[in-house]
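Spelled out, the chains give:
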Amino acid sequence: MPELSLAQIEQQLALAVDRVMTEGSLHDRELAALAVKQARGDLIEAIFLLRAYRTTLPRLGVSLPLDTAAMVVHRRVSAIFKDVPGGQILGPTFDYTHRLLDFELAAPGSLVAPAGVESGGEGDRGTAPLPRVMDLLDREGLIESEPPSEPGGQVGDLTREPLTFPARRDVRLQNLARGDEGFLLAMGYATQRGYGRNHPFAGEIRHGEVAVSLAPEELGFAVEIATISVTECQMVNQFKGSSTTPAQFTRGYGLVFGAAERKAMAMALVDRALRVRELGEEPASPTQDEEFVLSHSDSVEASGFVQHLKLPHYVDFQSELVLVRDLRAAHGTGAASAAPDGR
Amino acid sequence: MTTRYNFAYLDEQTKRMIRRAVLKAVAVPGYQVPFGSREMPLSYGWGTGGVQVTASVIGPDDVLKVIDQGADDTTNAVSIRRFFARTTGVATTTSTEGATLIQTRHRIPETPLREGQILVLQVPIPEPLRWLEPREAETRKMHALEEYGVMYVRLYEDITRHGKVAQTYEYPVMVDGRYLMRPSPIPKFDNPKLDRSPALLLFGAGREKRIYAIPPWTRVKSLDFDDHPFEVEHWDRACDLCGAQGAFLDELIVDDKGGRLFICSDTDYCARRRPAGEPRPGA
């Protein structure tokens, strides 16, 4: 068979590349494609390959916060208003496709447009800023404000500093962004089924290209260094209020590289579930337990530890054998025969 | 896309960070120091903590030995030894006496260690209280307050249920009378070797991002009760290959009729005791 090229993987398995970049914490389509190729399509293995490479790279600086309102949008939907300023932009999605195997794709040369993707027809919105739906709610005071962190404020980095508890939200979000999609999907789903329910509405989901800027100290002003593809999900959740403060909706947030709506939405659900402490709610479910969620979300850690059971453990098992034979012998009645001549 | 890696794979900044954690661990024996554990080119759970500690303390003049289950020839030991041979070019050995640095999983060599040697132990779960309290926030508090009663209760419950403490590996120890420590999953047979060891003992848990240490000559006591003193496992027979008495023996099932061979788990120790490396026939 002809060998797959990295360009083929990058373009024809683009969503696999997106997932590997997100959970691998490295925005590099070519390296992610290489990892997918080397891992023969095992995405968790590909994520591991990319992580092990990333860890050798120096961290040169911290970018300014992404301005997702200035995103060049390919897709943007809000489930909480029929129409919003800038409009609903369907863009590429599997959502309304009928999941019928397209046998025409089986014939070579049939791939003209990305498979199973329907375009909204309106095309990209260009570079005009598209106001975020949450900002519109915020202007009315209907949703909790999220003031931008103070300039120069330190952002946590799990890849440099170990996770400690209680964890700050920036670190939690980083953990979730790197977290296994399947794990987050299950956790997010569990919140919907009553394990830490938080009444979510998909306030806005947008996918597109966004500029990354860096303000080097010696320069004193920001320069654009790259454009990356991201998906952002903002959930509007359970309102809270009291006799002293008027009712307000709360937020859950998800942000991932590339086109990965499922992951971004699950992340937003779990982010909101983990905010129990700061919102003064009573944690009642594993989905709201940050130690439980954050300690077990990482596929590289989980995959390694589960599979390490394949390594020889015969020394510890020998110790257990010695003990169990002793206990059985002490128990009497025929148990001694269970011990071979070595005991 | 060819890339050259730094000596021992890790960059120097990372090694410095790990060395700082190691120094703190040595200064506070038995205390688990959090560190910014890196992703390694080996799976988590396969010795990434030990590998990071080794990578940050190894120098060009070191002679490295790597064992797993006491054996130099087990797959993961071979893999880790090759990793360092490839990324550092240092000399490797199977000789316990000839090594300056030994990385191990699940055993401490039978040959007594000497001053100046470093033993690096790979640790899956560093927290001795973890099965009693799953929350890290809680267990850190318990260590701070030296609140170790639950561990004694757990051992006591074993005695009431089984007549003896039914913990065979990762048997808890008190280090220098202060910190409760999980000695990685070595069999309790090896616990006495921790006490006043002339060698520096370093413990690395990569996935759990903790480093701890037992500096040379530190008192290490396995938990017990006056009327139920700590005891180690013993075999009423000698090694079938070298005739060693009082070594940790592995049990090999050699046929389907109950035939068994008992041999030293420490392959270097066993080979040295056999004349010219000739295996003696099994019993």
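This is a predicted model, so every value here is computed, not measured.

Asks: Outline the interface of chain B and chain A, supporting the account with residue identities and numerical values.
Replies: Contact residues are listed per partner, giving 46 residues for chain B and 33 residues for chain A. Mapped onto the side of chain B that touches chain A, the elements with two or more residues apiece are α4 (136–144), β11 (249–253) and β12 (260–264) of chain B. Its residues assigned to classes, the side of chain B that touches chain A comprises 16 nonpolar, 14 polar and 16 charged.

Asks: For the sheet that holds strand β7 (residues 179–181) of chain B, give the residues involved together with the corresponding values.
Replies: Residue and element names in this part refer to chain B. Strand order across the open sheet formed by three strands is β7-β6-β10, with antiparallel pairing between neighbours. The open sheet has two edge strands, β7 and β10 (220–222), and neither has a second partner. With direction set aside, neighbouring strand axes in the sheet form an average angle of 30°. As paired strands, strand β6 (residues 173–175) and β7 are joined by three bridges and run antiparallel to one another. The partner of V175 across the bridge, within β7, is Y179.

Asks: Would you mind going over the nonpolar core in detail, with residue names and values included?
Replies: Membership of the largest hydrophobic core comes to 116 residues, with the highest contact counts inside it found for V20, V36 and V270 of chain A together with L201 of chain B. Tallying contributions element by element places helix α8 (residues 261–273) of chain A first for this core, with eight residues. Ignoring any residue separated from it by four or fewer positions in sequence, one finds V36 of chain A in contact with I9, L13, A16, V17, V20, G41, L43 and A46 of chain A. With 10 residues, the next largest nonpolar core counts C239, L241, C264 and C270 of chain B among its residues.

Asks: Describe the confidence of the model for chain A, and please don't skip the residues or the numbers.
Replies: Caution applies to low-pLDDT parts of the model: their predicted coordinates are not meant to be read in detail. Residues and elements named next belong to chain A. With 90% of its residues at a pLDDT of 70 or more, chain A has an overall mean of 89. Low pLDDT, under 50, characterises residues 115–123; the predicted model gives this stretch 14 contacts beyond four residues in sequence or across chains. Segment residues 334–343 is flagged for pLDDT under 50; beyond a separation of four residues in sequence, or across chains, it makes 16 contacts in the model.

Asks: Explain the environment of S79 of chain B residue by residue, including any values.
Replies: Residue placement: S79 of chain B occurs in helix α3 (residues 75–88). Linking S79 of chain B and A199 of chain B, residues 120 residues apart in sequence, is a C-alpha distance of 24 Å.

What counts and how
- Residues numbered from 1 in each chain as written.
- Chains lettered and ligands numbered in written order.
- Predicted model: local features only at pLDDT ≥ 70, side-chain atom pairs only at ≥ 80, totals over all residues.
- Contact = placed C-beta atoms within 7 Å.
- Helix = DSSP H or I, 4+ residues; strand = E, 2+ residues; numbered from the N terminus.
- Nonpolar A, V, L, I, M, F, W, Y, C, P; charged D, E, K, R; others polar.
- Pairing = 2+ DSSP bridges.
- Axes fitted to C-alpha atoms, helices over the stretch in contact; angles between N-to-C directions.
- Core = buried A, V, L, I, M, F, W, Y, C linked by C-beta atoms within 7 Å.
- Buried ≥ 20, exposed ≤ 12 C-beta atoms within 10 Å, placed from the backbone.
- pLDDT = per-residue confidence, 0-100.

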